[in-house]
Amino acid sequence: MTLKAVLFDFNGVIINDEAIHAELISEILLGENLRILPRNYRESCLGQSDRACLTNLLALQGRVADDKTLKRLIDLKTSLYRQRLESLETLPIYPVADCLQQLQQAGLKIGLVTGAVRSEAAWVLDRAGLASYFSIIVGGDEIKRSKPDPYGYLLAVERLNRAFPALALEPANCLAIEDTFAGLQAAKSAGMQAVGIANTYPFHMLQRCSNWTIDSLADLELDRIQDVFARSGAI
């Protein structure tokens, strides 16, 4: 089996913005007369889409939001997120450019599978000068089911095959890079091998659910991973 594509998560892998998301979600729900605890955010939101996050947190308070309410809250969150990042002198991007360049030079397709709103992620990548590396983006507002469901990763395979028919991509040809348990579960449920990067959870915790675990993208040993794919194939 050959490694053909690497699919990245966004929040916690490309950009160090989980604290910003937590603050904005808390601010938005405060406007709905709700207070959330930090542990509730971590348990209900890390690795998941804004829709899933808000749905989960509202449910904890005994509230059920209809689609119109969820859209209003998500649109507000997206607007506030853009404003917050525009106010920063430098975006809190992890050191990812060297890794992306290495993957591109190796002839691998690169995609993004995120719970963030697609326009939000695309705007950050463009502003950070990283957009040209990514062939496709699957955003949280485009998926039917949030991570840990594999839907987003399977949709990424479908889109890459549409964009590059000769690629003949299968999930087993893909490597996912994730920072959360929900993300790792989604990738592995899709039939992909997964790298856990210790940006959000400790290294030893990610080891239990990753094929590889790294402290940073600088530690990604592409040659070794390609060799494992060639020798052992899919999980």
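Rules used in this analysis
- Residues numbered from 1 in each chain as written.
- Predicted model: local features only at pLDDT ≥ 70, side-chain atom pairs only at ≥ 80, totals over all residues.
- Heavy atoms only, no water.
- Helix = DSSP H or I, 4+ residues; strand = E, 2+ residues; numbered from the N terminus.
- Rg over C-alpha atoms; globule rule 2.2 N^0.38 Å.
- Buried < 20%, exposed > 50% of the residue type's maximum accessible area, 1.4 Å probe, protein only.
- Contact = heavy atoms within 4.5 Å.
- Pairing = 2+ DSSP bridges.
- Axes fitted to C-alpha atoms, helices over the stretch in contact; angles between N-to-C directions.
- Phe/Tyr/Trp six-rings, centres within 6.5 Å; stacked < 30°, edge-to-face > 60°.
- Disulfide = S-S within 2.5 Å.
- Polar contact = N/O pair within 3.5 Å; in protein donor to acceptor, adjacent residues only side chain to side chain.
- Parallel < 35°, antiparallel > 145°, perpendicular 65-115°, else oblique.
- Left-handed = near helix turned anticlockwise from the far one by under 90°.
- Nonpolar A, V, L, I, M, F, W, Y, C, P; charged D, E, K, R; others polar.

A. Here's a closer look at the overall build of the protein. What the protein contains, in helices and strands, is 10 helices and 6 strands. A compact globule built from 235 residues would reach a C-alpha radius of gyration of about 18 Å, and the protein, at 17 Å, matches this within 12%. When each of the 235 residues of the protein is scored for burial, the buried share is 51%. Within the protein, contacts between residues at least 6 apart in sequence are counted, and of these 65% link residues at least 24 apart.

B. Main features of the sheet that holds strand 2 (residues 109-113). In space, the 6 strands of this open sheet follow the order 3-2-1-4-5-6, with parallel pairing throughout. The open sheet is flanked by strand 3 (136-138) and strand 6 (212-214), the only strands paired with a single partner. Taken over all neighbouring pairs, the strand axes of this sheet differ in orientation by 20° on average, direction set aside. With 3 bridges joining them, strand 2 and strand 3 adopt parallel strand pairing. Bridge assignment links G111 to a residue of strand 3, and that residue is I136. In the packing of helix 10 (residues 222-232) onto the sheet, the strands contacted are strand 4 (174-178), strand 5 (193-197) and strand 6, and the crossing angle to strand 6 comes to about 170°.

C. Region of the structure containing the environment of D50. In this fold, D50 is placed in helix 3 (residues 50-60). D50 sits 32 residues away from E18 along the chain, and the two C-alpha atoms are 12 Å apart. Beyond its immediate sequence surroundings of up to four residues, D50 is in contact with I74, K77, G115, V117 and E120.

D. Representation of the packing of aromatic side chains within the structure. Evaluated as defined, the whole model comprises 3 aromatic pairs. A centroid spacing of 6.1 Å and a plane angle of 75° characterise the contact between F8 and F134, whose relative ring orientation is edge-to-face. Of this pair, F8 sits in strand 1 (residues 5-8) while F134 sits in the loop between helix 6 (118-127) and strand 3, and the two are 126 residues apart along the sequence. As far as burial versus exposure is concerned, F8 and F134 are alike and both buried.

E. Local environment of the state of the cysteines. For the structure on display, the rule yields 1 disulfide. Between C99, a free cysteine, and C174, which holds the nearest cysteine sulfur, the sulfur-to-sulfur gap is 15 Å. Residue C99 is classed as buried on the basis of its relative accessible area of 5%. Free cysteine C209: the closest other cysteine sulfur is in C45, separated by 19 Å.

F. Helix 3, seen in detail. Taken together, the buried positions of helix 3 are occupied by D50, A52, C53, L54, L57 and L58. Packed against the buried residues of helix 3 are helix 1 (18-30), helix 2 (38-45), helix 4 (67-86) and helix 6. Where helix 3 ends, the next residue or the one after it, G62, has phi of about 80°, a positive value.

G. Representation of the side chain of S210 in the model. With respect to the element layout, S210 can be found in the loop between helix 9 (203-206) and strand 6. For S210, the side chain forms a polar contact with the main-chain nitrogen of G196, separated by 3.4 Å. A distance of 2.8 Å separates a polar side-chain atom of S210 from the backbone oxygen of L206.

H. How the structure looks around the packing of helix 4 against helix 6. Interaxial distance between helix 4 and helix 6 falls to 10 Å at its minimum, and their mutual angle equals 15°. On the basis of the axis angle, helix 4 is roughly parallel to helix 6. In the packing of helix 4 onto helix 6, the handedness of the crossing is right-handed. Judged by residue contacts, K77, T78, Y81, R82, L85 and E86 of helix 4 engage S119, E120, W123, V124 and R127 from helix 6. Per-class residue counts for the contact of helix 4 with helix 6 are 4 nonpolar, 2 polar and 5 charged.

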